[in-house]
Structure formats: structure tokens, C-alpha cells
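# Geometric and topological summary
Letter by letter, the chains look like this.
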Amino acid sequence: MKVILTILTLALLVVAAPLTARAQAADPAVAQVQGFYDGLTAAMKTSGGAKARFAKLKPAVDKAFDLPGMTALAVGSGWAAMAPADQKVLIDAFGRMTVASYAKNFDSYNGEKFIVDPTPVARGTEKFVKSSLKPSSGQANAFNYRMHQVRGVGKILDVYVAGNI
């Protein structure tokens, strides 16, 4: 009887372990923001100036941000009436500007830490991911991300710095 109880206990542990691991896995929206921060941190540590940081950061921005959606929001109501070729030109320019802004504003690494809250706030179909940049000394700066689904993947649509877009 003792052997049967031991086998049943081991079987339950084997079945329960993957369930626990899945329950503790990061929310996809949180993972997306963390992935962006990992790319941003790598770019901050890159030597070679703004061009090198731009090249290092571009894949992280392309993966995490909904650049077409952000561009449409920036253009406003005239977006729908634009020719697709004109939309593409604007999306490409908006993407370059976004990457260049991050490459310029995050130009060195001095021990900063990006901290992502593991629990996003859901509002309808969107999620809001809270985070902060903690410098090696001084006060943290809040960065919050509005996320939505693009072809089944959570993408950043808005960035709020200290509560503002």
C-alpha cells in the first residue's frame, strides 16, 4: 500500500509541475515589453555611436511596437483616405523616427534597470503594462505601455511617460 501511495504522489507531482510552471509564466504583454527592454539595454551597451545603437535597437522596436497602428493614430482621420503606398512611406518614416529617438535618448548604460510589473491591467481587449526605469542612483521614471492584439500578438500602441503620451 505504501508503494502505491508513493507512486500516486510522484505521478501527481509530475502532472502538477507543468501546470504550476505555466501559471507562473509571464503574461505575453509583459513578455513583449520585457523583450523590448532587453533590446534597449543591449543597444545602450553598444559602442559605435547612434548608428550602432539604431541597428541594434531596430529589431526590438519592429517586434514590440505596432508601428502601422501608431502611425495611423498620429495621422488621424485622414489615414483611411491615403493611398497604401503613402501609408507605407509614413509607417517607414515613423519607424525610423521611433528607433532614432530611443537610440538618441538612451545613449549609454550606467547600471540602469528596467522593471516591468508582472501583472498588466486589462481594459476591454487592450492591456496596460506598467514599468519603470530605475537609474543607478536617483528616482525611477514611469513608462507605461498600452498594448493591443495585432494578428494574435500583443503589440505596443501607446507609450505613456509619467502618465502622458
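You'll find the structure just up there.
Residues numbered from 1 in each chain as written. Predicted model: local features only at pLDDT ≥ 70, side-chain atom pairs only at ≥ 80, totals over all residues. Heavy atoms only, no water.

### Observations concerning helix α3 (residues 49–64)
Rules: By definition, any uninterrupted DSSP run of H or I lasting at least four residues is a helix, any uninterrupted run of E lasting at least two residues is a strand, and each is numbered from the N terminus. Working rule for helices: expected span equals 1.5 Å times residues minus one. The angle separating two fitted axes, one through the seven residues that finish at a residue and one through the seven that start at it, defines the bend at that residue. Residue contacts follow a heavy-atom distance rule, with two residues in contact if any of their heavy atoms lie within 4.5 Å.
Counted at 1.5 Å a residue, the expected span for α3 with its 16 residues is 22 Å, and the 23 Å between its end C-alpha atoms agrees. Bending of α3 peaks at approximately 35 degrees at the position of Leu57, with proline Pro59 no more than four residues after it. The inward-facing, buried residues of α3 contact α2 (28–44), α4 (67–75), α5 (84–105) and β5 (153–161).

### Thoughts on the layout of surface pockets
What counts is decided by this rule: Cavities and pockets are found on a 1 Å grid laid over the protein atoms alone: a cavity is a set of points where a 1.4 Å probe fits but cannot escape, a pocket is an open set with protein on both sides within 12 Å along at least five of seven lines, and a lining residue has an atom within 4 Å of such a point. Grid points are joined across faces, edges and corners, and a volume is the space filled by probe spheres set on the points. Polar here means any residue other than Ala, Val, Leu, Ile, Met, Phe, Trp, Tyr, Cys and Pro, which are nonpolar, and Asp, Glu, Lys and Arg, which are charged; Gly is therefore polar.
If you add up the space inside the largest pocket, you get close to 240 Å³. If you list the elements that add at least two residues to the lining of the largest pocket, you get α4, α5 and β5. Take the lining of the largest pocket: its biggest share by element is five residues, from α5. Split into classes, the residues belonging to the lining of the largest pocket amount to nine nonpolar, two polar and one charged.

### A closer look at the pairing of strand β1 (residues 113–116)
Remember that side chains alternate between the two faces of the sheet whenever the strand is regular. Heads up, the rule is: When a residue's accessible area, from a 1.4 Å probe over protein chains only, is under 20% of the maximum for its type it is buried; when over 50% it is exposed; and in between it is partly exposed. Each pair of strands is called paired provided DSSP finds at least two bridges between the two strands.
Judged by which residues are buried, β1 turns out to be one-sided: Phe114 and Val116 face inward and are buried, whereas Lys113 and Ile115, on the alternate face, are not. Strand direction decides the pairing type here: β1 and strand β3 (residues 126–134), joined by four bridges, are antiparallel. The residue bridging Lys113 from the neighbouring strand is Lys134, located in β3.

### Side note on the nonpolar core
We count it as follows: Here, nonpolar core means buried Ala, Val, Leu, Ile, Met, Phe, Trp, Tyr and Cys residues that are tied together by side-chain atoms lying within 4.5 Å of each other.
Counting 31 residues, the largest nonpolar core has Phe36, Tyr37, Leu40, Leu57, Phe65, Tyr102 and Tyr145 as its most contacted members. Put simply, the parts of the chain that give this core at least two residues each are α2, α3, α4, α5, β1, β3, β4 (141–150) and β5. A total of eight residues in this core trace back to one element, the largest contributor, which is α2. Excluding residues within four positions of it along the chain, Tyr145 makes contact with Val33, Phe36, Tyr37, Tyr102, Lys127, Phe128, Val129, Ser131, Ile156, Asp158 and Val159.

### Some words on the environment of Val33
For Val33, the position within the fold is in helix α2. The class for Val33 is buried, based on a relative accessible area of 0%. Among residues more than four places away in sequence, those in contact with Val33 are Val116, Val129, Tyr145 and Met147.

### What to know about unusual backbone geometry
Despite not being glycine, Arg151 shows a phi value in the positive range, around 50 degrees. Topologically, Arg151 is positioned in the loop between β4 and β5.

### Some remarks on the side chain of Asn144
Worth spelling out the cut-off: Definition of a polar contact: a pair of N or O atoms within 3.5 Å, with one able to donate and the other able to accept a hydrogen when the atoms are protein atoms, and with sequence-neighbouring residues admitted only if both atoms are side-chain atoms.
Along the polypeptide, Asn144 turns up in strand β4. A polar contact is formed between the side chain of Asn144 and the backbone nitrogen of Ser131, at a distance of 3.3 Å. Among all residues touching Asn144, those that are not within four sequence positions of it are Val129, Lys130, Ser131, Asp158, Val159 and Tyr160.

### Notes on the packing of aromatic side chains
We apply this condition: Each Phe, Tyr or Trp ring, with Trp reduced to its six-membered ring, pairs with another whose centre is within 6.5 Å; inter-plane angles below 30 degrees give stacked pairs, above 60 give edge-to-face pairs, and intermediate values give tilted ones. By definition, being over a ring means that NZ of Lys or CZ of Arg is both within 6 Å of the ring centre and within 35 degrees of the ring normal.
All told, the structure shown has 10 aromatic pairs when counted by the stated rule. For the ring pair Phe106 and Phe114, a centre distance of 6.2 Å and an interplane angle of 50 degrees mean the geometry is tilted. Of the two residues, Phe106 and Phe114, both sit in the buried class. The ring centre of Tyr109 lies 4.6 Å from the NZ or CZ of Lys45, which sits over that ring. The side chain of Arg123 reaches across the aromatic face of Phe128, ending 4.7 Å from its centre.

### Considering the environment of Met82
Relative to the elements of secondary structure, Met82 occurs in the loop between α4 and α5. Judged by relative accessible area, Met82 falls into the partly exposed class, the value being 22%. In contact with Met82, not counting residues within four places along its chain, are Val75, Gln87 and Leu90.

Everything listed here is a matter of coordinates, which is why it stays silent on function.
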